[in-house]
Amino acid sequence: MYENTFPNKRYKHTLHFLKDVVSTDQSILDLGVRNPFVTYMEREGYNVQNTTGEDLDLDTTAVKNADAEVVTAFEIFEHLLSPFTVLQDIKANKIVASVPLKLWFSPAYRSKTDMWDRHYHEFEDWQFDWLFEKAGWEIQKREKFTNPVKKLGFRPLLRLFTPRYYLIYATRK
């Protein structure tokens, strides 16, 4: 999944944020297939179930039928054409989500080999907030952080201080 680019900083930051807002006695539905970050969550004592790779734009059954107390969606919503529908269909009263932020100096991500690994949306923070508010959520905590890369050049320099990821914790209104 991560050929020579394992996201240690992002995982550490996301786990710290999660620990601040979700206790380990709460069950979690993580949107998306099982991934390395789920292992991190489980090592910290979280009980996590994942969706199974269904296209959440077309089928939100797994979200509607889940009995989890919390939903997590780490770098998922940018891949969906309509994250609004998914947000409306969630039964849980809490969600922790993150997205890569739109960067003025970099185009939206698009894998040439994997149709699922493309960003339809790259949000600005206010757009992500608005999406949640319109879907009936109230943001309780938000945080942005950078993701520097070990390369030379103008864009790598900008990545040192330009926030790349946006994390939110929200509850149902």
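Quick caveat: nothing in here was measured; it's all calculated off a predicted structure. (Residues numbered from 1 in each chain as written. Predicted model: local features only at pLDDT ≥ 70, side-chain atom pairs only at ≥ 80, totals over all residues. Heavy atoms only, no water.)

Even after reading the chapter, I still don't get unusual backbone geometry, so can you show me in this structure?
Note: most residues except glycine have negative phi, and most peptide bonds are trans. The phi angle at Glu75 is positive, at roughly 55°, despite the residue not being glycine. In this structure, Glu75 sits in the loop between strand 3 (70-74) and helix 4 (83-89). Exposure remark for Glu75: the relative accessible area of 15% places this residue in the buried category. (Helix = DSSP H or I, 4+ residues; strand = E, 2+ residues; numbered from the N terminus. Buried < 20%, exposed > 50% of the residue type's maximum accessible area, 1.4 Å probe, protein only.)

How should I be thinking about the pairing of strand 3 in this particular structure?
As a general feature of sheets, a regular strand has side chains that alternate between the two faces. Among the five residues of strand 3, five are classified as buried, and the element is accordingly described as predominantly covered. Sheet topology places strand 1 (residues 27-30) next to strand 3; three bridges connect them, and they run parallel. Across the sheet, Asp30 pairs through a bridge with Thr72, a residue of strand 3. Relative to strand 4 (residues 94-100), strand 3 runs parallel, the two sharing five bridges. Its bridge partner being in strand 4, Thr72 is matched across the sheet by Val96. In the classification by handedness, the crossover that spans strand 3, the intervening helix 4 and the parallel strand 4 is right-handed. (Pairing = 2+ DSSP bridges. Right-handed = clockwise from strand over helix to strand, strands pointing away.)

Could you clarify how one ought to interpret the nonpolar core in this entry?
When a protein is soluble and globular, its nonpolar side chains tend to lie buried together. By size, the foremost hydrophobic cluster in this structure holds 29 residues, and its most contacted members are Leu31, Phe77, Leu87, Ile95, Phe128 and Phe132. For this core, the elements supplying multiple residues, two or more each, are strand 3, helix 4, strand 4, helix 5 (125-134), strand 5 (137-145) and strand 6 (165-172). Look past the residues within four positions of Phe77 in its chain and what remains in contact with it is Leu31, Pro83, Val86, Leu87, Ile95, Ala97, Val99, His121, Phe123, Phe128 and Phe132. Judged by nonpolar contacts, the second largest core, of 19 residues, contains Leu18, Val22, Val38 and Leu167. (Core = buried A, V, L, I, M, F, W, Y, C linked by side-chain atoms within 4.5 Å. Contact = heavy atoms within 4.5 Å.)

Can you walk me through the packing of aromatic side chains in this structure?
Each aromatic ring pair is described using two quantities: the centre-to-centre distance and the angle formed by the ring planes. Taken as a whole and assessed by the stated rule, the structure comprises 11 aromatic pairs. When the centroid spacing of 6.0 Å and the interplanar angle of 75° are considered together, the rings of Phe77 and Phe132 count as edge-to-face. Taken together, the residues Phe77 in the loop between strand 3 and helix 4 and Phe132 in helix 5 connect sequence positions 55 residues apart. What makes Phe77 buried here is its relative accessible area of 0%. Take Phe132: its relative accessible area is 0%, and that puts it in the buried class. In this structure an aromatic cluster arises from ring pairing among Phe77, Phe123, Phe128, Phe132 and Tyr166. Arg43 extends its terminal NZ or CZ atom over the ring of Tyr40, reaching a point 5.2 Å from the ring centre. (Phe/Tyr/Trp six-rings, centres within 6.5 Å; stacked < 30°, edge-to-face > 60°. Lys NZ or Arg CZ within 6 Å of the ring centre and 35° of its normal.)

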